Amino acid sequence: EVVVIGGGNVALDCARTAVRYGAQKVTAICLECGCDVPCHPWERKEAEEEGVKIIEGVSPLRFTGTHNELEGIEVAKVT
């Protein structure tokens, strides 16, 4: 399971690469919403077609887990 922080073209390239390398679930989280997400519209469309879930309008707050193993990311809604 992969989480990419960012909504630009490079972030979505990373997310799409994770899918192609076999990640079971890939999510991209970004601060922006709608047309303010900085990636090209075609890049977003292709990422979503490949199975990348994009969550808009959130900011990472805290990473959770133990012994160097990430278990989760807490996020806050951006207004």
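Values in this document were obtained by computation on a predicted structure and should not be read as measured data.

(A) Quick peek at the overall build of the chain. Counting secondary structure elements, the chain contains 2 helices and 5 strands. Taken from N to C terminus, the helices and strands of the chain fall in the order β-α-β-α-β-β-β. Its C-alpha atoms give the chain a radius of gyration of 13 Å, within 12% of the compact-globule value 12 Å for 79 residues. With the C-alpha coordinates aligned to their principal axes, the bounding extent of the chain is approximately 40 × 35 × 15 Å.

(B) Expanded view of the nonpolar core. Core analysis: the biggest nonpolar cluster contains 13 residues, and Leu 12, Ala 15, Val 26, Ala 28, Val 52 and Ile 54 have the highest contact counts within it. Elements represented by at least two residues in this core include exactly α1 (9–20) and β2 (26–30). Sort the elements by how many residues they give to this core and α1 lands first, with 4 residues. When sequence neighbours within four positions are dropped, the list of residues in contact with Val 52 reads Ala 15, Arg 16, Val 19, Val 26, Ala 28 and Ala 47.

(C) Local environment of unusual backbone geometry. Of note, His 67 is a non-glycine position whose phi angle comes to about 50 degrees, a positive value. For His 67, the location among the structural elements is in the loop between β4 (58–66) and β5 (69–77). With a phi close to 60 degrees, Asn 68 is a non-glycine residue in the positive phi region. Considering the arrangement of structural elements, one finds Asn 68 in the loop between β4 and β5.

(D) The arrangement of helix α2 (residues 41–49) in detail. Among all positions of α2, only Glu 43, Arg 44 and Ala 47 are buried. End-on view of α2: buried residues confined to an arc of 100 degrees, all on one side of the axis. Residues of α2 that are exposed and point more than 90 degrees away from the buried face comprise Pro 41 and Glu 49. Taken from the residues just after α2, Gly 51 is the one with a positive phi, measuring 110 degrees.

(E) Expanded view of the side chain of Glu 43. Within the element layout of this structure, Glu 43 appears in helix α2. For Glu 43, a relative accessible area of 3% gives the class buried. Once you skip the residues sitting within four places of it in the chain, Glu 43 turns out to touch Asn 9, Leu 12, Asp 13 and Arg 16.

(F) View of the state of the cysteines. Considering all chains together, one arrives at 0 disulfides under this definition. With no disulfide of its own, Cys 14 has Cys 39 as its nearest cysteine by sulfur position, at a separation of 13 Å. When its relative accessible area of 43% is taken as the criterion, Cys 14 is described as partly exposed. The closest cysteine sulfur to the non-disulfide-bonded Cys 35 is located on Cys 33, 9.9 Å from its own sulfur.

About the cut-offs
- Residue indices follow the written sequence of each chain, beginning from 1 at its first position.
- Given that this is a predicted model, residues contribute local features only at a pLDDT of at least 70 and side-chain atom pairs are listed and counted only at 80 or more, while totals for whole chains, interfaces and linings are drawn from all residues.
- Heavy atoms throughout the structure, all of them, feed into the side-chain values; hydrogens and water do not.
- In DSSP terms, a helix is any run of H or I states spanning at least four residues, a strand is any run of E spanning at least two, and both are numbered starting from the N terminus.
- For the radius of gyration, the atoms used are the C-alpha atoms, and the globule rule reads 2.2 Å times the number of residues raised to 0.38.
- What we call a nonpolar core is a set of buried Ala, Val, Leu, Ile, Met, Phe, Trp, Tyr and Cys residues that are connected through their side-chain atoms within 4.5 Å.
- Note on classification: 1.4 Å probe, protein chains only; a residue is buried when its accessible area is under 20% of the maximum for its type, exposed when over 50%, partly exposed between these limits.
- Contacts are assigned to residue pairs that have any heavy atoms within 4.5 Å of one another.
- Arc definition: directions from the helix axis to the C-beta atoms.
- Any two cysteine sulfur atoms lying within 2.5 Å of each other are counted as a disulfide.

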